[in-house]
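# Report on the structure
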Amino acid sequence: TGAGKWLAALVNKDQKKLRTVFLQLMSAAENNELAKIKFILAYVSVAATVQDISKRTPLIIAAQEGHAAVVDRLLQVPGINVNVQDQQGNTALI
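The structure presented is a predicted model; accordingly, all values stated were derived computationally and were not measured. (Residues numbered from 1 in each chain as written. Predicted model: local features only at pLDDT ≥ 70, side-chain atom pairs only at ≥ 80, totals over all residues. Heavy atoms only, no water.)

As a further point, take the overall build of the chain. When helices and strands are tallied, the chain shows five helices and zero strands. Ordered by position from the N terminus, the helices and strands of the chain form the series α-α-α-α-α. Here the chain, with 94 residues, has 36% of them falling under the buried criterion. In the chain, of all internal contacts separated by at least 6 residues, the share reaching a separation of at least 24 is 58%. For the chain, the accessible area works out to roughly 5600 Å², and carbon and sulfur atoms hold 52% of it. (Helix = DSSP H or I, 4+ residues; strand = E, 2+ residues; numbered from the N terminus. Buried < 20%, exposed > 50% of the residue type's maximum accessible area, 1.4 Å probe, protein only. Contact = heavy atoms within 4.5 Å. Areas by Shrake-Rupley, 256 points an atom, 1.4 Å probe, with all protein chains shown as cover.)

Here is the structure:
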(Lines give C-alpha, C1' and ligand atoms only; values in the text may rest on other atoms or scores of the structure.)
Protein backbone atom coordinates (compact mmCIF):
# COMPACT_ATOMS: atom_id res chain seq x y z
CA THR A 1 0.00 0.00 0.00
CA GLY A 2 1.02 3.61 -0.32
CA ALA A 3 1.07 4.05 3.44
CA GLY A 4 3.24 0.98 3.87
CA LYS A 5 5.80 2.18 1.33
CA TRP A 6 5.83 5.56 3.03
CA LEU A 7 6.45 3.96 6.42
CA ALA A 8 9.27 1.74 5.15
CA ALA A 9 10.95 4.67 3.37
CA LEU A 10 10.56 6.85 6.42
CA VAL A 11 12.15 4.32 8.74
CA ASN A 12 15.04 3.53 6.41
CA LYS A 13 15.84 7.19 5.99
CA ASP A 14 15.61 8.85 9.36
CA GLN A 15 16.44 7.50 12.83
CA LYS A 16 14.40 10.22 14.53
CA LYS A 17 11.35 9.14 12.58
CA LEU A 18 12.14 5.53 13.40
CA ARG A 19 11.82 6.49 17.06
CA THR A 20 8.36 7.86 16.29
CA VAL A 21 7.39 4.49 14.80
CA PHE A 22 8.72 2.74 17.91
CA LEU A 23 6.67 5.03 20.14
CA GLN A 24 3.57 4.31 18.07
CA LEU A 25 4.17 0.57 18.49
CA MET A 26 4.63 0.91 22.25
CA SER A 27 1.44 2.94 22.50
CA ALA A 28 -0.47 0.42 20.38
CA ALA A 29 0.73 -2.42 22.63
CA GLU A 30 -0.43 -0.57 25.72
CA ASN A 31 -3.80 0.39 24.23
CA ASN A 32 -4.63 -2.96 22.61
CA GLU A 33 -4.54 -1.58 19.06
CA LEU A 34 -3.99 -4.82 17.18
CA ALA A 35 -4.63 -3.38 13.71
CA LYS A 36 -1.99 -0.68 14.24
CA ILE A 37 0.50 -3.29 15.49
CA LYS A 38 -0.13 -5.51 12.47
CA PHE A 39 0.35 -2.54 10.14
CA ILE A 40 3.62 -1.42 11.71
CA LEU A 41 5.06 -4.93 11.93
CA ALA A 42 4.21 -5.63 8.30
CA TYR A 43 6.83 -3.05 7.34
CA VAL A 44 9.16 -2.76 10.33
CA SER A 45 9.31 -6.01 12.29
CA VAL A 46 12.46 -4.93 14.11
CA ALA A 47 10.26 -2.43 15.95
CA ALA A 48 8.99 -5.30 18.10
CA THR A 49 12.34 -5.48 19.89
CA VAL A 50 12.56 -1.83 20.93
CA GLN A 51 12.70 -0.97 24.64
CA ASP A 52 11.39 2.14 26.33
CA ILE A 53 13.17 4.10 29.05
CA SER A 54 12.11 1.45 31.59
CA LYS A 55 13.48 -1.25 29.26
CA ARG A 56 9.98 -2.59 28.52
CA THR A 57 9.33 -4.05 25.09
CA PRO A 58 5.97 -3.94 23.30
CA LEU A 59 5.59 -7.61 24.29
CA ILE A 60 6.15 -6.87 27.98
CA ILE A 61 3.68 -4.00 27.87
CA ALA A 62 0.99 -6.02 26.09
CA ALA A 63 1.45 -8.94 28.50
CA GLN A 64 1.26 -6.67 31.55
CA GLU A 65 -1.92 -5.09 30.20
CA GLY A 66 -3.48 -8.50 29.47
CA HIS A 67 -3.86 -7.92 25.71
CA ALA A 68 -3.77 -11.55 24.54
CA ALA A 69 -4.30 -10.90 20.82
CA VAL A 70 -1.49 -8.32 20.77
CA VAL A 71 0.81 -10.70 22.67
CA ASP A 72 -0.02 -13.46 20.19
CA ARG A 73 0.84 -11.23 17.21
CA LEU A 74 4.10 -10.04 18.78
CA LEU A 75 5.13 -13.63 19.49
CA GLN A 76 4.93 -14.28 15.74
CA VAL A 77 7.74 -11.81 15.02
CA PRO A 78 10.90 -13.69 14.00
CA GLY A 79 13.58 -13.29 16.64
CA ILE A 80 11.28 -12.00 19.36
CA ASN A 81 12.84 -12.64 22.76
CA VAL A 82 10.42 -13.44 25.58
CA ASN A 83 13.26 -13.36 28.11
CA VAL A 84 14.12 -9.66 27.77
CA GLN A 85 13.89 -8.02 31.19
CA ASP A 86 12.69 -4.56 32.10
CA GLN A 87 14.32 -2.46 34.85
CA GLN A 88 12.48 -4.44 37.53
CA GLY A 89 13.56 -7.79 36.10
CA ASN A 90 10.12 -8.59 34.66
CA THR A 91 9.77 -10.39 31.35
CA ALA A 92 6.69 -10.91 29.21
CA LEU A 93 6.27 -14.24 30.98
CA ILE A 94 6.33 -12.91 34.56
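This part is about the pattern of salt bridges. Following the criterion strictly, the structure yields two salt bridges and no others. Here Glu33 ties to Lys36 by a salt bridge, and the two come within 3.9 Å at their closest N and O atoms. Since its relative accessible area comes to 30%, Glu33 is described here as partly exposed. What makes Lys36 partly exposed here is its relative accessible area of 30%. (Salt bridge = Lys/Arg side-chain N within 4 Å of Asp/Glu carboxyl O.)

Here we come to the nonpolar core. Within the largest apolar cluster, 23 residues are counted, with the highest numbers of intra-cluster contacts made by Ile37, Leu41 and Leu74. Of all the secondary-structure elements, those providing two or more residues to this core are helix 2 (15-30), helix 3 (34-43), helix 4 (58-65) and helix 5 (68-75). The leading source of residues in this core is helix 2, at seven residues. Sequence-distant contacts of Ile37, defined by excluding residues within four places in its chain, comprise Leu25, Ala28, Ala29, Val70, Arg73 and Leu74. (Core = buried A, V, L, I, M, F, W, Y, C linked by side-chain atoms within 4.5 Å.)

A separate point is the environment of Asn32. Mapped onto the elements of the fold, Asn32 is located in the loop between helix 2 and helix 3. Separated by 29 residues in the primary sequence, Asn32 and Ile61 place their C-alpha atoms 9.9 Å from one another. Not counting residues up to four positions away in its chain, the partners in contact with Asn32 are His67 and Val70.

The residue Thr57 is located in the loop between helix 3 and helix 4 in this model. Given a relative accessible area of 6%, Thr57 falls into the buried group. A polar atom in the side chain of Thr57 sits 3.1 Å from the backbone nitrogen of Ile60. (Polar contact = N/O pair within 3.5 Å; in protein donor to acceptor, adjacent residues only side chain to side chain.)

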